[in-house]
Amino acid sequence: MGEVRAEILSTGRAYPEGIMTNADLEKLVETSDEWITSRTGIKERHRAAEGEYTSLFAVAAARQAIERARIDPIDIGLVICATVTPDQILPSTACLIQAELGCNKAAAFDIAAACSGFLYGLTLANQMIRSGLTRYALVIGAEILSRYVDFTDRSTCVLFGDGAGAAVLGPTDEDRGILATRIYSDGRFAEQLYSPGGGTRIPPTAETLSGGLHYFKMKGNELFKVAVRSMADVSLEVLNEAGYKPDDVKLFIPHQANQRITEAVASRLNVDDSIVYSNIAYHGNTSSASIPIALDECIEKGKVQEGDLVLLASFGGGVTWGGVLLKW
Ligand code: ACO
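Quick caveat: nothing in here was measured; it's all calculated off a predicted structure.

**Considering the domain arrangement of the protein**
Partitioning the protein into domains gives domain 1 (5–174) and domain 2 (179–327). Centre-to-centre, using C-alpha coordinates, domain 1 lies 14 Å away from domain 2. Counting from both sides, the interface comprises 51 residues of domain 1 and, opposite them, 43 residues of domain 2. Summing both sides of the interface, domain 1 and domain 2 together bury roughly 3800 Å²; the carbon and sulfur share of this comes to 63%. When residues of domain 1 are sorted by the area they lose upon contact with domain 2, Arg 13, Cys 115 and Leu 119 head the list and together hold 19% of the total. In this structure, the connection of domain 1 to domain 2 is made through 4 salt bridges. Arg 68 is paired through a salt bridge with Asp 296; the nearest N and O atoms lie 3.0 Å apart. Remark: the boundary between domain 1 and domain 2 carries 22 residue pairs in polar contact (both at pLDDT 80 or more). Contributions of two or more residues to the side of domain 1 that touches domain 2 are made by strand 1 (5–14), helix 2 (33–40), strand 3 (44–46), helix 3 (54–69), helix 5 (117–130), strand 6 (136–144), helix 6 (154–157) and strand 7 (162–172).

Right, dumping it as structure tokens:
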């Protein structure tokens, strides 16, 4: 028997029906479709309606993944929800999802690593499966970022979208699965993307709410540079560790933050545009949901075949970043 690895057995995705186009944003702030498209690649993004909440989409995406994996929810030993926009502070969104799905023998917790949350989750699930602590794991990335977006701030409100993606992982002793993972952080850059109010440091009051302190604040320019460097570096690191080169990759899914970031990372890695997946035009930046949504779309479109090397790389608020290399 070969080495036991974790592999992704199936994926799923879900998002609100509501769509906000660049034309809709032109009515809210001083911006233009031309500026948004040329600076970010985004044309539209899904937006939750009143009454919709993060676990609603997380559960829908997870149900799809579980059905496709053809496993019983009771056999899932681990439910991770990567999110920075939980349903509520307590309990974790993962616990709400666990109950809804009937994963009654699972540990459940959230990961707050912003856009890197899904890769953080894959890394933990991989270790739990390899160590034999659990057989099946459910990893979800789910966000309703629009609740924390200031729709008077043109530098952030054009970027973010809502949605969820999920993956079911299980063990394999075949020559496939997760080959290498790396996750990192650097909290010295915390204020490059953060929400200053609403926690224990600045508790929510009528003043913090009217002052918009719960909204995301971002230094986009500075993040851009760190994002490109860290995603390229971590990609090379996981490739090196598994003994591969960028040329060997058949599908590269970077976190969908900005089309120009994607292109800059691809150019640093010197990989052909044809292997780089982008759906930013239709989703915007959905933070932790962006990679699992993209992976699910790639599977649906037949962009990933057995034996293919698939590279995932992310970067997000914290700041956090990570890379995962898979053999499909
Ligand atoms: N419409 C029109 N003009 C705008 C808009 C807008 N929506 N937003 C900013 N501008 C203006 C600015 O005010 C500025 O004007 P000025 O020169 O008169 O001051 C000008 O455009 C240029 O602004 P920059 O910020 O320099 O524009 P840049 O080309 O850097 O693009 C952007 C901004 C899109 C935010 C880019 O920096 C970016 O994508 N950064 C990375 C952000 C990111 O990925 N964040 C998420 C991390 S992941 C996570 O954890 C959720």
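**Some details on the site of the ligand**
Lining the immediate environment of the ligand, one finds 28 residues, of which Thr 31, Arg 39, Cys 115, Asn 258 and Gly 317 sit closest. Within the side chain of Trp 35, one N or O atom sits 3.4 Å away from a nitrogen atom of the ligand. Measuring from a nitrogen atom of the ligand, one finds a backbone N or O atom of Gly 220 at 3.0 Å. Protein contact buries 75% of the 1000 Å² of open area that the ligand shows by itself. If you map the ligand onto the pockets, it falls in the second largest pocket. The set of elements that each furnish at least two residues to the shell around the ligand consists of helix 2, helix 6, helix 8 (220–242), helix 9 (259–269) and strand 12 (309–316). No other element matches the 4 residues that helix 8 contributes to the shell around the ligand.

Calculation rules
Residues numbered from 1 in each chain as written. Predicted model: local features only at pLDDT ≥ 70, side-chain atom pairs only at ≥ 80, totals over all residues. Heavy atoms only, no water. Domains from an automatic or database assignment. Contact = heavy atoms within 4.5 Å. Buried area = accessible area lost by both parts, 1.4 Å probe. Salt bridge = Lys/Arg side-chain N within 4 Å of Asp/Glu carboxyl O. Polar contact = N/O pair within 3.5 Å; in protein donor to acceptor, adjacent residues only side chain to side chain. Helix = DSSP H or I, 4+ residues; strand = E, 2+ residues; numbered from the N terminus. Near = heavy atom within 4 Å. Areas by Shrake-Rupley, 256 points an atom, 1.4 Å probe, with all protein chains shown as cover. 1 Å grid on protein atoms, 1.4 Å probe; cavity = no way out; pocket = protein on both sides within 12 Å on 5 of 7 lines; lining within 4 Å. Sits in = over half its atoms within 2 Å of the grid points.

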